[in-house]
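# Remarks on the overall topology
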Amino acid sequence: MGNFGVCYYPEHWDEERIETDISLMKDIGISYVRLAEFSWHKMEPIEGQYDFKWLNDVVDKFADAGISCIIGTPTAAPPAWLMNKHPEIFPVNDMGVRVTFNGRHHDCQSNKTYREYVKKIVTEMAKKFGHNKNVVGWQIDNEFGNGHGDLCYCDSCRQAFIEWLEEKYKTVDNLNKAWGCAFWSQEYNDFSEVFLPAHTAAGKNPSTELDFKRFCSDLIVDFSKAQIDIIRQYSENQFITHNCMGFADKVNYYDLASDLDFVCHDQYPGGFYLQMPHEDNAFLAQTLELMRSFKNKNFWIMEQQAGPTGWNIMGRTPAPGQLSLWTAQAIAHGADKITYFRWRTATFGTEQFWHGILPHSGKPGRRYDEIKYTINRYDELLDEIKDLESDAKVAIVYSYDNYHALNIQPHNPDLSYVGVLADYYRALYDLKIEADMVSEMADFSKYKLVIAPLQYILKQEVKEHFDEYVKNGGHMCFTYRSGVKDENNICVSDCELPGLLSEMTGIEINDYDCLRETEVTIDLGQYSGKGKLFADIITTKEAERVGVYTNNYYSGETAISINNYGKGLVYYIGCELDDNLLNKLIYSMLLQAKIEVKYKELDRGIEVVTRKGKDKTYIFFLNHNNYVAKLNKDLIEGIEVMIGEKNGLLEPFGTAVYVKEK
Amino acid sequence: MGNFGVCYYPEHWDEERIETDISLMKDIGISYVRLAEFSWHKMEPIEGQYDFKWLNDVVDKFADAGISCIIGTPTAAPPAWLMNKHPEIFPVNDMGVRVTFNGRHHDCQSNKTYREYVKKIVTEMAKKFGHNKNVVGWQIDNEFGNGHGDLCYCDSCRQAFIEWLEEKYKTVDNLNKAWGCAFWSQEYNDFSEVFLPAHTAAGKNPSTELDFKRFCSDLIVDFSKAQIDIIRQYSENQFITHNCMGFADKVNYYDLASDLDFVCHDQYPGGFYLQMPHEDNAFLAQTLELMRSFKNKNFWIMEQQAGPTGWNIMGRTPAPGQLSLWTAQAIAHGADKITYFRWRTATFGTEQFWHGILPHSGKPGRRYDEIKYTINRYDELLDEIKDLESDAKVAIVYSYDNYHALNIQPHNPDLSYVGVLADYYRALYDLKIEADMVSEMADFSKYKLVIAPLQYILKQEVKEHFDEYVKNGGHMCFTYRSGVKDENNICVSDCELPGLLSEMTGIEINDYDCLRETEVTIDLGQYSGKGKLFADIITTKEAERVGVYTNNYYSGETAISINNYGKGLVYYIGCELDDNLLNKLIYSMLLQAKIEVKYKELDRGIEVVTRKGKDKTYIFFLNHNNYVAKLNKDLIEGIEVMIGEKNGLLEPFGTAVYVKEK
Amino acid sequence: MGNFGVCYYPEHWDEERIETDISLMKDIGISYVRLAEFSWHKMEPIEGQYDFKWLNDVVDKFADAGISCIIGTPTAAPPAWLMNKHPEIFPVNDMGVRVTFNGRHHDCQSNKTYREYVKKIVTEMAKKFGHNKNVVGWQIDNEFGNGHGDLCYCDSCRQAFIEWLEEKYKTVDNLNKAWGCAFWSQEYNDFSEVFLPAHTAAGKNPSTELDFKRFCSDLIVDFSKAQIDIIRQYSENQFITHNCMGFADKVNYYDLASDLDFVCHDQYPGGFYLQMPHEDNAFLAQTLELMRSFKNKNFWIMEQQAGPTGWNIMGRTPAPGQLSLWTAQAIAHGADKITYFRWRTATFGTEQFWHGILPHSGKPGRRYDEIKYTINRYDELLDEIKDLESDAKVAIVYSYDNYHALNIQPHNPDLSYVGVLADYYRALYDLKIEADMVSEMADFSKYKLVIAPLQYILKQEVKEHFDEYVKNGGHMCFTYRSGVKDENNICVSDCELPGLLSEMTGIEINDYDCLRETEVTIDLGQYSGKGKLFADIITTKEAERVGVYTNNYYSGETAISINNYGKGLVYYIGCELDDNLLNKLIYSMLLQAKIEVKYKELDRGIEVVTRKGKDKTYIFFLNHNNYVAKLNKDLIEGIEVMIGEKNGLLEPFGTAVYVKEK
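All of these numbers come straight from a predicted model, not from anything done at the bench.

## Describing the overall build of chain A
When its secondary structure is counted, chain A shows 17 helices and 27 strands. Principal axes of the C-alpha set define a box for chain A whose edges measure 75 × 75 × 40 Å. In chain A, buried positions account for 57% of the 662 residues. Across chain A, contacts joining residues at least 24 apart in sequence account for 73% of those joining residues at least 6 apart.

Here you go:
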């Protein structure tokens, strides 16, 4: 099996069309397809009457052509006969509105009746295809969490949440304490009294909200696990995966991934409702890095953009070269296989304008040619670099608890957890420095610098993990709003801020200012600039001052500090810095950490990514500009071009891969 | 009966007031009134107990004064006793919220119980007034579709929709195929399984949505027909009509009109929640033209603005002269009679600030004087020009299917079907060229140029109708997003775009770009400018290139093409052009079509409208400016002033009518 | 008992902490605490099982320390056991959504079951603490009306509204007439047919809406009264109060206050979701003045801001000095006692970031020091000036009916009743002229000028009250949209506008223009400027013209008039003037009324407030600027500094109090 696949919906077209499609797929180098993840009705048209013949025929036809198959479980779109028989499966939003049929993801995953139906169809599928040699793997459901915020607020979910709480807290006194129910008379006498945090007259309990987010994630993980368990029972030599959605916050992907053989990601640089031509290049790279962190290993792209996106609203059309560039970017950041979405553009349904490789007419065109070129260019390389690691010396810490907690209480309406992480990643990206995304408890030993923004909720074990890393010589960078909360989303009160980080940072925060729509000015010595979102007014204890506020009543107070701790260094940045100032500060941190900043002077639009093997190191140069760019001689000295022009020229949206023996 | 009337609510005032009102009406030339369209409770205060005495007395008093009456059926406001007895009649929105009593249009028109009550009251009214000589006609309900989006999502509507689908598709397999239910497992085993396209977790089926819009329109047409059938049974020499609302999309007015003797329109240039002083002048004209198209004949104004509009929010106050100007505009575009809304401003209820001819105090003032002047000025002319046709050589095609389909999937959030039609009308209007609005299958033989923007859904018969027109020498102009869909709202896939128009246009569209918030630059040879919304990248086959893109990756590609087809010409405009560029292009089309562009140099604010009789042609000059304007001598050479100043001067908001023997 | 207190929640902290807290309170001069207003569950953890021991212990401990206690009834937060047993108590919004548990104010106050539970707990509390000598008073509930717009639209409220209407109107014919139910067939045959004015398909009856607002207010007043009656039965030497919220419109505070011994106010200059650092200084002052008007006597602050505000979103941090300044401002405007909210910042629950005097850590810091300084500075003065009156010669009229009616029908979306009142107050404030807020029927005899903007609804008795005041020599100022409506929210129709004010103003309004987003220009002779929102085109009868419109079709018409009436003067301002123009006009009115404008030249940020006793007059100078300001020698000649610097210097956010013998 090669390294490029495509999502295919034979049930959307006349039966005879598959011959043409297979022949065209072969022509461009497609070696596998994903099938059936939305075909419940076709597989079980009437309750209990299963029909897999059509799918088996399709799998056989692909087998004859040497194309492997991945099969999806169809649980993201239960059919009309089921929803009519059990309308209680439709989810309910926080205003009490029950959604209806006509889209997808209209299933409440806590509903026990629904679970029974899911069990039956997945069992039948697993029995039928678990031993089929041409079926190489399974996808569970589709984009969990797409479609409704926090799953649902129905009675079944209330019951499931209550059970989850009982399991977690054992006694209702524990619950009352953990959530601070003494506030506003919210104490419960019994778990059964707990209400879901739906629409209220005024205010909600942030601790309840955080646990509800965790519950919703656990529910999905459990829903997934139930399917995995069935499949594993009947399956042989088949992998099980799921197509994740980058920074989506509905499921804790670390948890979800633990049951999967590997994770997949759906990469749509063109976004969806974006005004811009496409997502920010740095954020695209960061998303791919995040995906690699979920199992701390390489991943697949299960849906790689193959044309303009669109439901009722369409995105911009990718310019010639961009589909290829974005494919190369995914490979560079650790995608072992690339599956394009979708083969041919649907003529009906919600996604009529979510374009596939082929247009509605089915005739090969510009996108077909570009993807053929891309597969040809990268298929062999992918065999060679599979499983290679990144060579990053910097890591950025990612945490669902902090993501949720700051969604619940953003402080400043403009403060977004992911936005702040993106600011730090972008500063590194612009310096052409690679960074891994890591979980809080990941092994930091390979990194010289670990950036952990917004450590708002901080557990003792995480603190100790950080502590050990720094004591052994690591450099860490923290920001405002760190050490504020315990894991129950309750403010620490036994010490001043930054709470558990006080010792490491060598500072104390006795005053702060939520900046709302205003800015502060900051002086960094050689540079000055602006800060926004939030300002911690730092009292340095053991730490030294790095930056100073120069306006407001705290003019002259410390904005940024640095502390020698053990053999390491700890930075604390009290404010969200403007791009330029952050860039300067990060640069000085890199120098301090003795990280080589080699490609800094390259054009802003050129991305540099390294994949390091035992013998060889591969360096990707990705030109996100719509003009020709050139790699200076001195930058490519000592490395050999493997893919791309010898003279260092990069076409608009062009790519090159260099290699050096290591 | 003269040509001017007024909407009158005797039940809102002390009984004796009617004498004063009649005398004032006579003074200004009012010859008919509209009555009773919101008076259900007054006519049936208790279930089954009818009281028409008050209304009969009113009709008699008007008869004595020589003033005719039009009576409205009161079905837009069922009374409290009925709504308390049958709260299931209250409509339900797509979020499941059932509306309540306190406004109007709180009736679900599919509800069978409600239909029974409607049948009874309309029957009683028809029996009572069907032979009354002073009752000249009937209005059915009031502004159908005002008040709730797509009627309603209640159980009764679901059942009615299911029946409508069964009638249309016969078998559920036909339905599944027509809607592309294979997408996301939406196949139905039985019609009874169909859900209404209400609020979903994610996405809707655009084919379902389009049929639901059609069903909602058909339901209203049926509701109207049921009343018409009753009235016709008991009525003698009385017309039946309805007051439509221009470009409102709730009812297909072509369908509704087919059961009516003529259509009426409610014309409120001051709009409602408008920030501007009033609607765009060109759009006002276009709305009137649209109204004329519904039965391809002249219409009435059933509500002509008589003062500032307002519910909780008020519009701007019309300046002296504007009420008169707007009346003249309506006449010029084909209104045979003008009914002002309303006689005296209501002191209570929702419409307290929707001002009538008389203020709250009931004392004649500025508006009274202006309307008196207006009636005096135009009453005779109206007798003379009744039934005269427009002399337009250009037509713009209007289609509810395309309106609905592009509302469902606008592609670009800024793309509005009516907005694009307005752009084309305005370009002609600014050149002082009149255009008729026409349906897709209208007789085009009188036109030299037919503009058909956004022929997104295109049926075979419509295509053939276009084809025949062009082959016989007609010129047609099409735009981007044409030939995309079949009548089921499914993308064509058996050929490239523009689908059924491929042959006529002589082009092929293999690539396009939804421009979102960006613009493209376009070169037209002599002129250059900008395009927005959407860009088709045109491959010319038989066609020739007229305009070229000059930026983006498709710089140098064709933006606008022209094709000789049969004896005619076909334009294709790949992008929404800026006002100036569109104006230039339309001008060249007019020249090409040998249409005289005579008044082009007149001040922008002066509108020119022609009504053509057997012997005479009437030319209206309408000065929308708040300053004095002058008609150049050469422009009015050979035509005689009939109404207005002899020297060609037009007062601010002034009007003139010239005449020439033909 | 001293003059400074704090809100305290012993149930949020470990039991032993109270000792430390008491000691710190004593240290800064706190002499009373407010307790228990959100502690229902702690007092009645299980239905019918009351536990007051913890609270009694707390009261005793405070007694030992010489600190008095105020106890709140906990009815703003019924506990989970109650809400599970009776979920019908949860309020329902106008879309039919029933709120749930997790915040506060989730109680429908018309619910009879709930009333029973309230009766029981309040009775038990009153019995327990009614004779406790250290309990000096009671607070009923908390911030009535906070949390849900118009209470609720549940079936119980519908029934209560129907009963309220029956009581008010006696016969359904009276109701139909009062509400103008003839409009849109809204007549009722029986009171039981009345629906609540919830979400409709289109439009509502403004008269119904106004009565519903009045009903909602009366319901709260009744809910409060029921508790007061119980407490008075068991209480001895204890006051009863409630913490109001300034300009909030949910309860008519005049009505609510009539049952209270005095009113309290919650003053949060930092606002809540404000972008600005804090509320406008003038508006803060006006809010305090409003509070003084509710019982026409001094009030308490029950919650005075003690740090940054915040729920999920945080406000800006008050700069050093601002907490002190805002305290002084409250005192200057008539607060007899100041209670800070809250003692220590909560670590859990919705208000984690609504900061108290102490931070989360409980360690005294900047805020503690500043409040200690403030108490020390003002405690004695408060003893001295208690009950002193303002010396204002100007009053601004405040009316809930007009507030509600203009919320229902704002005419211009930018028109806000409170906003217009604030414009007039600010014009005076900027001239350093104090103004009282007064109800329509207040005694005006002490004032030389009474400004009554937007007398939209005007009752005969109010008109007569105005009339008498002016005839006796008073000066009054009215604005556009006055005399428009009767008390049923129905437009007057027996005369031209300004209706009942026609004689006093000596003008007639026959035309007006709702300006929406446009402006008019106005010439005042010496000055010119702009007007917005609404323009009355004035016909002067007995009045003289003061200002003239200079654009639009009414250029040259009167915009502002003045009329000699009896011994007095009546101004009519036809338009909302820009700040500068209003300032000039108000200044000329002050001169005309012979009101001394002494401090006009002082820096804009300095507020001047006077409190007048029998022998002495106290003058507060409040520096809202963040820089040092100076009082010119001539301004402080003849007055002695009592608090503050002798040289007339005011620190940033600094205050000074001067005194003169009178």
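From this point, things continue past the structure.
## Overview of the relation of the copies chain A and chain B
Expressed as a screw transformation, the operator carrying chain A onto chain B has a rotation angle of 120° and an axial translation of 0.0 Å, and the superposed copies differ by an RMSD of 0.0 Å. Taken together, the rotation and translation describe the operation of a three-fold axis. Closest approach to the rotation axis within chain A is made by the C-alpha atom of Val-97 of chain A, at a distance of 4.9 Å.

## Details of the interface of chain A and chain B
Across the boundary between the two partners, chain A contributes 50 residues, which contact 46 residues of chain B. Those elements that place two or more of their residues in the side of chain A that touches chain B are α2 (40-43) and α4 (80-85) of chain A. Within the side of chain A that touches chain B, the residues separate by chemical class into 21 nonpolar, 24 polar and five charged.

## Structural notes on the interface of chain C and chain A
Facing 50 residues of chain C, the contacting portion of chain A comprises 45 residues. Of all the secondary structure elements, the ones that give two or more residues to the side of chain C that touches chain A are α2 (40-43) and α4 (80-85) of chain C. It is α4 of chain C that provides the largest number of residues to the side of chain C that touches chain A, a total of three residues.

## Some remarks on the domain arrangement of chain A
All names here are of chain A. The assigned domain composition of chain A is domain 1 (4-151 + 221-387), domain 2 (394-592) and domain 3 (606-661). Computed over C-alpha atoms only, the centres of domain 1 and domain 3 are separated by 31 Å. Residue-level contacts link 13 residues of domain 1 with 16 residues of domain 3. Those elements that place two or more of their residues in the side of domain 1 that touches domain 3 are α10 (281-293), α11 (322-332) and α12 (366-385). The dominant element in the side of domain 1 that touches domain 3, judged by the number of residues it contributes, is α11, at five residues.

## Some thoughts on the packing of α11 of chain A against α12 of chain A
All names here are of chain A. The N-to-C vectors of α11 and α12 enclose an angle of 25°; their axes lie 9 Å apart at closest approach. Comparing their axes, α12 and α11 come out roughly parallel. Classified by chirality, the crossing of α12 by α11 is right-handed. The residues of α12 that touch α11, namely those facing Leu-323, Ser-324, Thr-327, Ala-328 and Ile-331, are Arg-367, Glu-370, Ile-371, Tyr-373, Thr-374, Tyr-378 and Leu-382. Looking at the contact of α11 with α12 residue by residue, the class counts come to seven nonpolar, three polar and two charged.

Reading guide: rules and limits
Residues numbered from 1 in each chain as written. Chains lettered and ligands numbered in written order. Predicted model: local features only at pLDDT ≥ 70, side-chain atom pairs only at ≥ 80, totals over all residues. Helix = DSSP H or I, 4+ residues; strand = E, 2+ residues; numbered from the N terminus. Buried ≥ 20, exposed ≤ 12 C-beta atoms within 10 Å, placed from the backbone. Contact = placed C-beta atoms within 7 Å. Least-squares fit on C-alpha atoms with pLDDT ≥ 70 in both. Nonpolar A, V, L, I, M, F, W, Y, C, P; charged D, E, K, R; others polar. Domains from an automatic or database assignment. Axes fitted to C-alpha atoms, helices over the stretch in contact; angles between N-to-C directions. Parallel < 35°, antiparallel > 145°, perpendicular 65-115°, else oblique. Left-handed = near helix turned anticlockwise from the far one by under 90°.

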